[in-house]
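Spelled out from the first residue to the last, the chains are:
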Amino acid sequence: METIYPIWNFTLITTKGGTVISVGDVALVLVLILLGYGISRLAESILAKRLARTRIKPDSVHVIKRILFYSIFILLAMTILGLLGIPITAFAFATGAIAIGLGFGAQNIINNFISGWILMAERPIRVDDFIEMDNWMGFVKRVGTRSTLIHRTDGVHVLVPNSKLLENTVVNWTLMDGVIRNSIRVGVAYGSDVEATIDGLRSAINSNENVLKDPEPQYVFEDFADSALIFEILFWADMNKERPLRLIRSDLRMAITKELDQRDITIAFPQRDIHLHAGKPLSVTLQSNESNE
């Protein structure tokens with residue numbers, strides 16, 4: 001103790017106001033920071049478990065956790081300054097200088113930080129939302145203070161800067177609700193029974209449990225194409241369910257193929273008639289490649 005005591009009380013800094021900061025004060029600050037960080041994380045965990053039992057949505061729980069963490073962090077900082085006897089006004093000049101330095105050197109970080117709080121406050125993008133941007137789609141897994149974690153439909157996790165989500169066009173498929181409309185086009189051969197085709201399409205759509213019955217699916221005879229009669233099915237699906245829309249469309253196409261095949265209706269493929277114009281008739285000779293034994 002005789003050896004530790006002088007080191008513990010060794011003066012590191014003496015402010016103009018007469019405040020003395022020793023090695024012991026610095027050690028106490030470090031202990032309080034670690035203790036405060038542990039308490040804030042523990043409080044976040046307990047709060048998340050309690051809120052998970054309620055009807056509060058995951059994105060709201062995430063916002064509450066962030067507010068709780070930073071509130072505890074600010075209270076901890078004020079407590080440390082009080083223990084050291086340092087008034088907050090002593091940091092007025094230093095805070096201004098730091099703000100100017102951050103403004104020039106960390107514009108992107110500050111931009112993303114502020115954008116993150118805007119996203120959590122306005123909630124245009126929430127946890128578990130299905131969004132589309134830059135020609136790819138994915139589910140939002142976490143809205144952080146600097147970036148947002150998105151799980152793409154191809155299984156890749158992408159960290160998108162928060163400012164990009166505010167500055168660029170983002171399609172949120174589940175912003176208001178998870179019910180969206182989609183369509184499937186199918187072409188059948190000329191000469192096919194139109195009513196039988198519609199009946200087969202209706203049977204295939206109604207057999208899929210992921211297609212909503214209200215609003216009802218619509219079946220449109222779209223067009224007379226070059227090689228097919230074009231039909232379009234407009235249906236509604238709930239994106240909040242586990243079955244992705246891409247797999248729903250795949251299931252529907254397989255069901256449509258099966259139903260039309262049972263009705264002897266051919267799904268059309270491109271066909272072309274070739275007309276040869278020559279000055280004299282053409283003779284066509286068929287030859288066999290089989291050798292005579």
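Residues numbered from 1 in each chain as written. Predicted model: local features only at pLDDT ≥ 70, side-chain atom pairs only at ≥ 80, totals over all residues. Heavy atoms only, no water.

Caption draft 1: Region of the structure containing the overall build of the protein. A tally of regular secondary structure across the protein gives eight helices and ten strands. In the protein, buried positions account for 32% of the 293 residues. Within the protein, counting contacts between residues at least 6 apart in sequence, those at least 24 apart form 62% of the total. Carbon and sulfur atoms provide 59% of the accessible area of the protein, an area that totals close to 20200 Å². (Helix = DSSP H or I, 4+ residues; strand = E, 2+ residues; numbered from the N terminus. Buried < 20%, exposed > 50% of the residue type's maximum accessible area, 1.4 Å probe, protein only. Contact = heavy atoms within 4.5 Å. Areas by Shrake-Rupley, 256 points an atom, 1.4 Å probe, with all protein chains shown as cover.)

Caption draft 2: Just the nonpolar core, in detail. In this structure, Val186, Leu201, Phe231, Ile233, Phe235, Leu252 and Ile256 are the most contacted members of the largest nonpolar core, which totals 23 residues. Listing elements by their share of this core, those giving two or more residues are β8 (179–188), α7 (194–206), β10 (229–238) and α8 (245–262). When sequence neighbours within four positions are dropped, the list of residues in contact with isoleucine 233 reads Asn182, Ser183, Ile184, Val186, Leu201, Ile205, Gln218, Tyr219 and Ile256. Membership of the second largest hydrophobic core comes to 13 residues, among which are Val63, Met133, Trp136 and Val140. (Core = buried A, V, L, I, M, F, W, Y, C linked by side-chain atoms within 4.5 Å.)

Caption draft 3: Seen up close, the layout of surface pockets. By volume, the largest pocket is sized at about 320 Å³. Of all the elements in the fold, those that place two or more residues in the lining of the largest pocket are β4 (136–143), β5 (147–152) and α8. By residue class, the composition of the lining of the largest pocket is nine nonpolar, four polar and three charged. (1 Å grid on protein atoms, 1.4 Å probe; cavity = no way out; pocket = protein on both sides within 12 Å on 5 of 7 lines; lining within 4 Å. Points joined across faces, edges and corners; volume = space filled by probe spheres on them. Nonpolar A, V, L, I, M, F, W, Y, C, P; charged D, E, K, R; others polar.)

Caption draft 4: Representation of a nonpolar patch on the surface. Taken together, the side chains of Phe113, Ile114, Ile118 and Leu166 define a hydrophobic patch exposed on the protein surface, amounting to about 310 Å² of accessible area. The element that contributes the greatest number of residues to the nonpolar patch is helix α5 (residues 107–122), accounting for three residues. Summarising the element assignment, isoleucine 114 is placed in helix α5. (Patch = residues over 30% accessible without salt bridge, like charges linked within 9 Å, V, L, I, M, F, W, Y side chains within 5 Å. Salt bridge = Lys/Arg side-chain N within 4 Å of Asp/Glu carboxyl O.)

Caption draft 5: Representation of the environment of asparagine 168 in the model. With respect to the helices and strands, the residue asparagine 168 is situated in the loop between α6 (162–167) and β7 (171–172). Separated by 35 residues in sequence, asparagine 168 and methionine 133 place their C-alpha atoms 8.3 Å apart.

Caption draft 6: Geometry of the pattern of salt bridges. One pass over the structure, following the stated rule, counts five salt bridges. Between arginine 152 and aspartate 154 there is a salt bridge, and its shortest N-O distance comes to 2.6 Å. Residue aspartate 199 pairs with arginine 263 through a salt bridge whose shortest N-O separation is 3.0 Å. Residue aspartate 199 is found in helix α7, and its partner arginine 263 is found in the segment after α8; the two are separated by 64 residues along the sequence. Because the salt bridges share partners, they merge into one network encompassing Asp199, Glu259 and Arg263.

Caption draft 7: The side chain of asparagine 182, seen in detail. As for its position among the elements, asparagine 182 is in strand β8. Given a relative accessible area of 15%, asparagine 182 falls into the buried group. A polar atom in the side chain of asparagine 182 sits 3.4 Å from the side chain of arginine 249. Among all residues touching asparagine 182, those that are not within four sequence positions of it are Ile233, Leu234, Phe235, Leu245 and Arg249. (Polar contact = N/O pair within 3.5 Å; in protein donor to acceptor, adjacent residues only side chain to side chain.)

Caption draft 8: Structural detail: the sheet that holds β8. If you trace the three strands from one edge of the open sheet to the other, you get β8-β10-β9, paired in antiparallel fashion. A strand with exactly one partner marks an edge of an open sheet, and here the two such strands are β8 and β9 (218–224). Neighbour to neighbour, the strand axes of the sheet diverge by 25° on average, direction disregarded. Bridge count between β9 and β10: six bridges; the pairing is antiparallel. By the bridge assignment, glutamine 218 is partnered in β10 with leucine 234. Here α8 sits on the sheet in contact with β8 and β10, set at roughly 35° to β8. (Pairing = 2+ DSSP bridges. Axes fitted to C-alpha atoms, helices over the stretch in contact; angles between N-to-C directions.)

Caption draft 9: Representation of the sheet that holds β7 within the structure. Read across the sheet, five strands follow the order β6-β5-β4-β3-β7 without closing on themselves; strand pairing throughout is antiparallel. Strands with a single pairing partner mark the edges of an open sheet, and in this sheet they are β6 (157–161) and β7. Inspection of the sheet shows strand β3 (residues 130–133) paired to β7 by two bridges, in the antiparallel sense. Paired with glutamate 132 across the bridge in β7 is valine 171.

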